[in-house]
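Chains, contacts and geometry: an overview
Chain by chain, the residues:
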Amino acid sequence: MNISYNWLKEYIDLQLSPQQLIDKMTFAGIEIEAVEELGKELRQFQVAEIIEKKPHPNADQLSICLVNTGQEEIQVVCGAPNCKSGQKVVLAPVGSKIGDLEIKKVKLRGEESYGMLCSEKELGISDNHEGIMVLPDNSEVGKDLATQLGLNDVRYEAEITPNRPDLLGMIGIARDLSALLNRKLQLPVAEISEDKTPIETLLSLENTEPKLCQRYLARVIKGVKIAPAPAWLQNRLRSVGLRPINNVVDITNFVMMEYGHPLHAFDYDKIVGKKIIVRRAKQGEKFTALDEETYNLNSSDLVIADSEKPMALAGIIGGTNSHITAETTNIVLEAANFHYIGIRRSSSHHKIFTDSSYRFERGMSSVTNEFISKRAASFILEIAGGELAKGALDSYPNPLPLNIVKLRPSRVHKLLTIEISSEQIKQYLEALGLKQVDSNEEELAFQIPSFRQDLTREIDLIEEIIRLHGYNNVQTFQKPQNITDTHRFYARRRVQDAAVNNGFSEIINWSFGDPDDLDKLQLAPEDPRRKTVKIKNPLGPSFSIMRSSLIPQLLKTALYNIHHGQEDLKLFELNKVFSVRRGQKLANEELQFSGLMCGLAQPNIWHTKTRQVDFYDAKGVAEDILQILHITNVSWLPSEEPFYQPGQAAKIAYKKLIIGNVGKMDAKIAATFNLEKPLYLIDINLEKILREIKTKLPQFQPIPKFPTVQRDISLLIPAKYNWSKVKKAIFQINPKIIKNINIFDEYKGKNVEKGWRSISFSLQLSSSTKTLTDDYINNLIQKIIDTLKNRFSIQMR
Amino acid sequence: MENTDLQQIVEQASQEIAAAENEHQLNLLKSKYLGKKSTLNGMMKKIGTLPPEQRPEFGQKVNKAKKRVEKLLEGQAEKVKEAAYRKAVTQEAIDLTMPGRKTNFGSLHPITKVWRELEDIFMSLGFEVAEGNDIEDEFHNFDALNTPPDHPARELSDTFYIKDDVLLRTQTSTVQIRVMQSHKPPMRFISPGRCYRNDNDASHSPAFHQVEALVVDEGITFADLRDILNIFVKKMFGPHIESRIRPHFFPFTEPSAEIDIVCVNCRGKGCHICKNSGWLEMGGAGMVDPNVFDQLGIDSEKYTGYAFGLGIDRIAMLKYNIPDMRLLFENDIRFLQQFK
Ligand SMILES: [Zn+2]
């Protein structure tokens, strides 16, 4: 449904800019899908006056005009025979554009021309190309053409929901806005003067399908003059995207766009037998419609026929045998209401979709017919002339009573929580065209207008009330308090899950610690874990502090299990550790993750060769945890924790922050906890990570369009260079192409010189812009090898 | 004469082809019956010796026999191929009862499992989750909770103390006080966490886990409390588990109640777990005492609220049928791995 801003203003004093109107309509439930500024093209042209016309010295067809633009007088060469001095005409000034053609200062046969005088066709106003467009004498020189012609407008394309056919006309939209803005709706009037000839002497009507044709109202006007409609009417139709045809047809379309209710006009003289019959089509009956297609009708189609032939597919499309032509002098004006089911069936069966079928298939009112018939008739008399026969033929077999719907104000409050008075309710609903017919304290009764068939129950009225009151004016009560620390909440679960997925079982120990354990771990006196929180009345000396590390109890749990014959262990605890906060009453409480591994890496199962756990198992767990916390770019440096075995333990550094340690526990210290077997620990300060590292969720990266190539390389590396250095050097060579480096073998010993080790890895290479050629890859590999040779004395194997 | 010959040839070919077991044998039969030196081919060459009017019919008959043999060969080739495939597949059969290569994942502690379940249930009911300190001051643990200094619960023997006015919280209601201090109503949250009591025997652990819930808003009623408890019990223990509340005393709620659920073991018939009562005690509940609100500057005329507390460890024991609280903290891997 197209809505014109200017047209709308005929019925309501909007006091809103075109932009503000969009918001209002949106909140009235009219969704605006597109907005188009009309007249924009015409604004570059201006009204000008020809002051003097003289012949072109070098060309008979051309003349030279001296033109007043309102600001200056310029010379324009013109080829149109109809240009005369004193005329108000349209000037396309230098710099303006007609279509793709830019108007430039030119010399035409030796005479300069500063612009162009335009025809209506050139301006896109009509197909008229017989000379330049001549404006009325009272046109204001200098004014832009869009303003001059009243063509500045905004067209909205609105999506009307199927329950609101009343919004398929300007007045329906205006009525909703009037209710919403509390501004008066100015409805048009229709005054007609009828002739003395009774219509019954000219035409008769038979409606054989009262179910499919709920009302049929016809008027006859004799002696009309078919001509193009006046400019204002054509402009209105264009503003909503309709094409002007002739005065009578344009008037029916105008009234349709105004009231949302379609009308049709027949050529009276083509009606055989001077009788209109509303009937079902005969099976196989042929009908040529205005779209120039011939349709095979069937008995479920409703037609408007004369005594011989169908003249229209009712409510959908008229026929070529009876439509208004330039020769038409007498017309029949139809204002009918057809049942939506019949229209929907025929329209979809024949695949004919018209502005008329679009409206009828949503259900029209049977009451508005009378008014719109008068409205259209009065326009025709005014514009096309003629004499209106007295009275109308009106078949309205089953007049529908207007519905009454009752509404309890208490129910409005119950559903919407808003406090709203009965008076306010009345105001809202009457603005929509309802009429209060009865009321008492508990209940109001409203008569529903015929064009609002969608309002049948109390709840429908409540919906209207809140729509007008404003959905967003309803107070909400629950405010999210953001009590949950969502990041922390899920980080904790994800770390637990990562450990479990790695085969770890979660343990839960009491929070009490033994101060002796800190000595056993050989923590330095200044170690923050020494600043313990002491309990005044503990269960006993070995439970006398709040634990500052999870590791002692982890070791004790391991020992307990080993004593019970369980030697292959993967255990973790995720819990709080405590330390004194200097100058504060309360303590530091920090989330810590600690894990322990010993024994076999995997259960010894028939198909999988197993081995003892080692450093890389422990590191892998830590890497998994960092990955699910989305922490990248950590470095693994030699650990400084006293209870790890040097050379087999790393601290995890994120920039300058140490967020944990991973490694093999020092055997001598483990022995003080009565543990004899190699143990690996993972110790991560989750609190530090949550508090100090801002991480980002992974963001989608386009999947490479070009295939990934894999190349394997084996190198001999001097032992003094660690892998991260080598890897970094390789990536730096071409980070856009080198996507991944995957070590598949490390070897020391036989055939490899002492002080060296062999590393084999595969490179994954791909480009986002091309398929990598062999030459390209070979060059890249050579570059990698050369770089490594130069920097690390690496050798190829 | 030729008819019977042809029939005999086809008949013989048919028998030999049907007996072929592999491709090689079929190739030999092909050349025997259709090759240059085959009888059929020889008969075709004889065609020139026949009277012209007999030639077409004879030719057709020989061709038909050839076609027939070809078809038999093709059919048998298909059969031989299929049989070879079936045989190969049979040879690849393995022992389906040997154990698979499963991921040896670990296990969450049953307390964590119940803890998460509680959070999930209450979050689905629109609750938020608040955390707080284990080490608290007396104000948040006692005073603000309407527990005056001479209250028996404040005796040193029940509570672990760090300093004179700093202690290990005995309930997570401390978090509720802190949230009421830092936020304005309406509020609706749970606070799960670890609590401490100076108590250590078969049925008491000095460290234990609790979840408390607090809802403060306009128009919160006792009915809302009953409602949420009912929903919680059914979500946690199953739709058939009924619950009830009965009068009790807590310093910070008025009216106060204890929550019972139908014994999950005997469904109310009476057993050793419920000590033959048919009911199990789940925790405490009540409407927040106006004193608590007043002390925190919340308008107790405008707002009402309810609170309740539940033991996480106890729920875990009931859900997983764990007979002894000490098992929860022993961390025996043979225990832990039962709750994968
Ligand atoms: Zn029981």
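With that out of the way, let us pick up the overall build of chain B. When its secondary structure is counted, chain B shows twelve helices and ten strands. Within the span of chain B, comprising 340 residues, buried residues form 49% of the whole. Contacts in chain B between residues far apart in sequence, at least 24 positions, make up 65% of those at least 6 positions apart. When the accessible surface of chain B is totalled, it reaches about 17,600 Å², and 52% of it is carbon and sulfur.

A separate point is the interface of chain A and chain B. In this complex, chain A contributes 57 residues to the contact, which on the side of chain B involves 65 residues. Both faces combined, the contact of chain A with chain B buries some 5,100 Å², and carbon together with sulfur accounts for 51% of it. For the chain A face of the interface with chain B, the top three residues by lost area are Ile483(A), Ile508(A) and Trp510(A), together amounting to 13%. A salt bridge links Lys536(A) to Asp164(B), with the nearest nitrogen and oxygen atoms 2.6 Å apart.

Four donors placed tetrahedrally around a metal ideally meet at 109.5 degrees, and six donors placed octahedrally ideally meet at 90 or 180 degrees. Residues and elements named next belong to chain B. Every protein donor of the zinc ion is listed here as Cys263 (SG), Cys266 (SG), Cys271 (SG) and Cys274 (SG), and their distances to the metal cover 2.2 to 2.3 Å. Every donor counted, the four donor atoms about the zinc ion form angles of 103 to 115° at the centre, which fits tetrahedral coordination. Along the chain, the residues donating to the zinc ion fall in the pattern C-x2-C-x4-C-x2-C. With Cys263 in the loop between strand E8 (253-262) and strand E9 (279-288) and Cys274 in the loop between E8 and E9, this residue pair connects regions lying eleven residues apart in the sequence.

Here the focus is the pattern of salt bridges. Between side chains of opposite charge, pairing is possible as soon as their charged atoms come close. Following the criterion strictly, the structure yields 60 salt bridges over all chains and no others. Of the charged contacts in the structure, one is a salt bridge between Lys319(B) and Glu117(B), with a shortest N-O distance of 2.9 Å. Of this pair, Lys319(B) sits in helix H10 (residues 312-320) while Glu117(B) sits in helix H5 (residues 110-124), and the two are 202 residues apart along the sequence. By relative accessible area, Lys319(B) is classed as partly exposed at 31%. With a relative accessible area of 24%, Glu117(B) lands in the partly exposed category. When salt bridges with common partners are traced through the structure, they connect Arg164(A), Asp166(A), Asp176(A), Arg452(A), Asp454(A), Glu464(A) and Arg467(A) into a single cluster.

Here helix H14 (residues 486-501) of chain A spans 22 Å end to end across 16 residues, near enough to the 22 Å set by a 1.5 Å rise per residue. Along H14(A), the positions that sit buried rather than exposed are Arg488(A), Phe489(A), Ala491(A), Arg492(A), Arg493(A), Val495(A), Gln496(A), Ala498(A), Ala499(A) and Val500(A).

Counting residues in hydrophobic clusters, the biggest one holds 90 residues, and the most contacted among them are Met546(A), Leu555(A), Met665(A), Leu118(B) and Phe308(B). Looking at this core, the element that brings in the most residues is helix H8 (residues 222-237) of chain B, giving seven residues. Residue contacts for Met546(A): discarding those within four places in its chain leaves Ser511(A), Phe512(A), Gly513(A), Val533(A), Ile535(A), Phe578(A), Ile135(B), Ile162(B), Leu168(B) and Tyr196(B). Judged by nonpolar contacts, the second largest core, of 56 residues, contains Leu16(A), Ile160(A), Val224(A) and Leu388(A).

All names here are of chain A. In space, the three strands of this open sheet follow the order E1-E13-E2, with antiparallel pairing throughout. Only two strands of the sheet have a single partner each, and these edge strands are strand E1 (2-4) and strand E2 (31-38). In this sheet, adjacent strand axes meet at a mean angle of 25° when their direction is disregarded. Pairing of E1 with strand E13 (residues 153-159), which is carried by three bridges, proceeds in the antiparallel orientation. Following the sheet pairing, Asn2 is matched in E13 by Glu157.

On to the packing of aromatic side chains. Two aromatic rings, taken as a pair, are described by how far apart their centres are and by the angle between their planes. All told, the structure shown has 24 aromatic pairs over all chains when counted by the stated rule. Their ring planes at 75° and their centres at 6.1 Å tell us that Trp510(A) and Phe512(A) sit as a pair that is edge-to-face. A single burial state applies to Trp510(A) and to Phe512(A), both of which are buried. In textbook terms, an aromatic cluster arises when at least three aromatic residues are bridged by ring pairs, as seen for Trp510(A), Phe512(A), Phe543(A), Phe160(B), Tyr196(B) and Phe329(B). Over the ring of Tyr268(A) we find Lys274(A); its NZ or CZ atom is 4.6 Å from the centre of that ring.

Our next topic: a nonpolar patch on the surface. Taken together, the side chains of Ile605(A), Trp606(A) and Met98(B) present a nonpolar region at the surface, about 290 Å² in accessible area. In this fold, Trp606(A) is placed in the loop between strand E35 (588-598) and helix H17 (615-628). The exposed category is assigned to Trp606(A), whose relative accessible area is 52%.

Glancing now at the domain arrangement of chain B. The domain architecture assigned to chain B consists of domain 1 (2-91) and domain 2 (110-339). Look at where the C-alpha atoms of domain 1 of chain B and domain 2 of chain B centre, and you get two points 90 Å apart.

This next bit is on the environment of Leu187(A). Residue and element names in this part refer to chain A. In this fold, Leu187 is placed in the loop between helix H5 (170-181) and strand E14 (194-198). For the pair Leu187 and Thr417, spaced 230 residues apart in sequence, the C-alpha to C-alpha distance is 35 Å. Among residues more than four places away in sequence, those in contact with Leu187 are Ile171 and Tyr259.

All names here are of chain B. Strand order in the open sheet formed by seven strands is E1-E5-E6-E10-E9-E8-E7, with mixed pairing between adjacent strands. For this open sheet the edge positions go to strand E1 (128-129) and strand E7 (243-250), each flanked by a neighbour on one side alone. Sheet topology places E9 next to strand E10 (residues 304-311); five bridges connect them, and they run antiparallel. For Gly283, the partnering residue across the bridge sits in E10 and is Leu310. Each of strand E5 (187-196), E7, E8, E9 and E10 is contacted by H8, which is oriented at about 30° to E10, the strand it contacts most.

Take a negative patch on the surface next. Residue and element names in this part refer to chain A. Together, Glu31, Glu33, Glu157 and Glu159 make up a region of like negative charge exposed at the surface. Only E2 and E13 provide two or more residues apiece to the negative patch. Assignment of secondary structure puts Glu33 in strand E2. The exposure class assigned to Glu33 is partly exposed, which follows from its relative accessible area of 47%.

Here we come to the packing of H14(A) against H5(B). Closest axis-to-axis distance for the H14(A)/H5(B) pair is 13 Å, and the angle between their directions is 145°. Along this stretch, H14(A) crosses H5(B), giving a crossing that reads as left-handed. Counting all contacts with H14(A), which are made through Phe489(A), Tyr490(A), Arg492(A), Arg493(A), Gln496(A) and Asp497(A), the residues of H5(B) involved are Thr112(B), Trp115(B), Arg116(B), Glu119(B), Asp120(B) and Met123(B).

It is worth spelling out the side chain of His261(A) at this point. All names here are of chain A. Structurally, His261 is set in the loop between helix H7 (247-259) and strand E17 (264-267). Separated by 2.7 Å, the side chain of His261 and the backbone oxygen of Ala336 make a polar contact. Each residue touching His261, except ones within four places of it in the same chain, is listed here: Val255, Met256, Ala336, Phe360, Met364, Ser365, Thr368, Asn369 and Ile372.

Residue and element names in this part refer to chain A. Inspection of the secondary structure puts Ile276 in strand E18 (residues 275-280). Judged by its relative accessible area of 1%, Ile276 falls in the buried class. Considered as a pair, Ile276 and Leu151 are 125 residues apart in the sequence and their alpha carbons are 40 Å apart. Discounting chain neighbours no more than four positions away, the residues touching Ile276 are Leu203, Ser204, Leu205, Glu206, Tyr216, Ile271, Ile304, Ala305, Met311 and Val332.

All names here are of chain A. Inspection of the secondary structure puts Arg155 in strand E13. A polar side-chain atom of Arg155 sits 2.8 Å from the main-chain carbonyl oxygen of Arg238. With near-sequence residues (within four places) excluded, Arg155 lies in contact with Asn2, Ile3, Ala34, Val35, Glu36, Leu38, Arg238, Ser239, Val240 and Gly241.

Glancing now at the confidence of the model for chain B. Summing up the model confidence of chain B, the mean pLDDT is 91 and the portion of residues at 70 or higher is 98%. Two numbers describe this predicted complex: its pTM, 0.79, and its ipTM, 0.88.

With that settled, the discussion passes to unusual backbone geometry. Residue and element names in this part refer to chain B. Pro185 connects to Pro186 through a cis peptide bond whose omega is 5°. Take Pro186: it is sitting in the loop between helix H7 (173-182) and E5. A cis amide bond links Glu254 with the next residue in sequence, Pro255, at an omega value of -5°. For Pro255, the location among the structural elements is in strand E8. Of note in this structure, Asn321 is not a glycine but carries a positive phi near 55°.

All names here are of chain A. Running from amino to carboxyl end, helix H12 (residues 422-431) crosses helix H13 (residues 458-469) at an angle of 95°, the nearest separation of the two axes being 10 Å. Considering their axes alone, H12 and H13 lie roughly perpendicular with respect to each other. Two secondary-structure elements touch here, H12 through Ile425, Tyr428 and Leu429 and H13 through Leu461, Glu464, Ile465, Leu468 and His469. When the residues that make up the contact of H12 with H13 are grouped by side-chain class, the tally is six nonpolar, one polar and one charged.

Conventions used here
- Residues numbered from 1 in each chain as written.
- Chains lettered and ligands numbered in written order.
- Predicted model: local features only at pLDDT ≥ 70, side-chain atom pairs only at ≥ 80, totals over all residues.
- Heavy atoms only, no water.
- Helix = DSSP H or I, 4+ residues; strand = E, 2+ residues; numbered from the N terminus.
- Buried < 20%, exposed > 50% of the residue type's maximum accessible area, 1.4 Å probe, protein only.
- Contact = heavy atoms within 4.5 Å.
- Areas by Shrake-Rupley, 256 points an atom, 1.4 Å probe, with all protein chains shown as cover.
- Buried area = accessible area lost by both parts, 1.4 Å probe.
- Salt bridge = Lys/Arg side-chain N within 4 Å of Asp/Glu carboxyl O.
- Donors = N, O, S within 2.8 Å, 3.2 Å for Na, K, Ca; no water.
- Tetrahedral: all angles 85-135°; square planar, octahedral: opposite > 155°, others 65-115°.
- Expected span 1.5 Å × (residues − 1).
- Core = buried A, V, L, I, M, F, W, Y, C linked by side-chain atoms within 4.5 Å.
- Pairing = 2+ DSSP bridges.
- Axes fitted to C-alpha atoms, helices over the stretch in contact; angles between N-to-C directions.
- Phe/Tyr/Trp six-rings, centres within 6.5 Å; stacked < 30°, edge-to-face > 60°.
- Lys NZ or Arg CZ within 6 Å of the ring centre and 35° of its normal.
- Patch = residues over 30% accessible without salt bridge, like charges linked within 9 Å, V, L, I, M, F, W, Y side chains within 5 Å.
- Domains from an automatic or database assignment.
- Lys, Arg positive; Asp, Glu negative; His and termini not counted.
- Charge placed at Lys NZ, Arg CZ, Asp CG, Glu CD.
- Left-handed = near helix turned anticlockwise from the far one by under 90°.
- Polar contact = N/O pair within 3.5 Å; in protein donor to acceptor, adjacent residues only side chain to side chain.
- pLDDT = per-residue confidence, 0-100.
- Parallel < 35°, antiparallel > 145°, perpendicular 65-115°, else oblique.
- Nonpolar A, V, L, I, M, F, W, Y, C, P; charged D, E, K, R; others polar.

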